[in-house]
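# Reading the structure
One letter stands for each residue in the lines below.
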Amino acid sequence: MNKETKEPRRKISLQRGRQKNKETHAEVCEFVDSHKFAGSHRSPSPDSHKFAGSHRSLGFTLVEVLIATLLFTVIMIIGTGAVLETNAVHKKTQTMRAVIDNLHFIMEDMARNIRLGSEYRCSETNDIPNTSTNCQNGVLIAFKPFDATDETGQVVYRLFKANPGSKWVIQKKGKDDSNFSDLTPKEVTINFDESGFNVYGALAGSEDKKQPRALIRLSGYVEYKDIKSPFNIQTTVSQRLLDI
């Protein structure tokens, strides 16, 4: 083989070697690049975690919003019911207290007027006696008030029932009144069997040698809506004007 024939073959070999090196280099670069891209997805950087976490903490999921709304609604319903119930109980209590105070006022009014009056007349019926009389379990008591200008003026308290289906009430007739008026409010129911008037020593001083006195008994209950509150009040008063 001469020198001229060897020279072209060497050039062809060199060209093939260079071409093969280029292909090998390209394959290596492609392999390295592919591994870098895959690695970046498998192990994200800390900054990427922070960025993702910041986006997740900016809002709530639909389930969380629904649960919070449900809890808030339940709490509001329970709280509103408790407030309304407390308010209703307070109103009932205030009404009951006002009625009880009214009963005490009625008792004080009767006790004061009877104490200052004289010539007690007690009856077990609605008929007013003409003279001073004693009685047990009376339904009516009449007396001469301290400011009476004549012998005809008198004050009368009585237990009265308008008809069989109505309630017993306390009525009063003043010395200048022509008709009786109710004293007890509509919420009050009087127990007739345990209420009434007892009068002692009402006869003239020379007859019984006792100072006139009266026992007043009021019993029953106060009813407001679904609440019933029983009461039992009694007091004894003695005539201020001496009559012994």
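From a predicted model like this one, the values you see are computed outputs, not experimental measurements. (Residues numbered from 1 in each chain as written. Predicted model: local features only at pLDDT ≥ 70, side-chain atom pairs only at ≥ 80, totals over all residues. Heavy atoms only, no water.)

### What to know about helix H3 (residues 62-116)
In this model, H3 (55 residues) spans 81 Å end to end at C-alpha, consistent with the 81 Å of a helix rising 1.5 Å per residue. Those residues of H3 that fall on the buried side of the exposure criterion are Lys 92, Met 96, Val 99, Leu 103, Ile 106, Met 107, Asp 109, Met 110, Ala 111, Asn 113 and Ile 114. (Helix = DSSP H or I, 4+ residues; strand = E, 2+ residues; numbered from the N terminus. Expected span 1.5 Å × (residues − 1). Buried < 20%, exposed > 50% of the residue type's maximum accessible area, 1.4 Å probe, protein only.)

### Observations regarding the environment of Cys 122
As for its position among the elements, Cys 122 is in strand S1 (residues 118-123). Placed 16 residues apart in sequence, Cys 122 and Gly 138 show a C-alpha to C-alpha distance of 6.2 Å. When neighbours within four sequence positions are excluded, Cys 122 is seen to be in contact with Pro 129, Thr 133, Asn 134, Cys 135, Gly 138, Leu 140, Ile 141, Phe 197 and Val 199. (Contact = heavy atoms within 4.5 Å.)

### Here we look at a nonpolar patch on the surface
Residues Val 63, Ile 67 and Leu 71 make up a contiguous nonpolar surface patch of roughly 290 Å² in combined accessible area. Mapped onto the fold, Val 63 is located in helix H3. Taking the relative accessible area as the measure of exposure, Val 63 reaches 54% and is therefore exposed. (Patch = residues over 30% accessible without salt bridge, like charges linked within 9 Å, V, L, I, M, F, W, Y side chains within 5 Å. Areas by Shrake-Rupley, 256 points an atom, 1.4 Å probe, with all protein chains shown as cover. Salt bridge = Lys/Arg side-chain N within 4 Å of Asp/Glu carboxyl O.)

### Comments concerning the packing of aromatic side chains
Within this structure, the stated rule accounts for three aromatic pairs. When the ring of Phe 143 is compared with that of Tyr 157, the centres are 6.2 Å apart and the planes differ by 20°; the resulting orientation is stacked. A residue pair is termed long-range when its members are at least 10 positions apart, and Phe 143 in strand S3 (residues 140-144) and Tyr 157 in strand S4 (residues 155-160) qualify at 14 residues. Classification of Phe 143 as buried rests on a relative accessible area of 0%. Using a relative accessible area of 0% as the deciding quantity, one classes Tyr 157 as buried. Judged by centre distance (4.1 Å) and plane angle (15°), the rings of Trp 168 and Phe 192 are stacked. Of this pair, Trp 168 sits in the loop between S4 and strand S5 (169-173) while Phe 192 sits in the loop between strand S7 (188-190) and strand S8 (196-200), placing them 24 residues apart in sequence. Look at Trp 168 and you get partly exposed, because its relative accessible area is 22%. (Phe/Tyr/Trp six-rings, centres within 6.5 Å; stacked < 30°, edge-to-face > 60°.)

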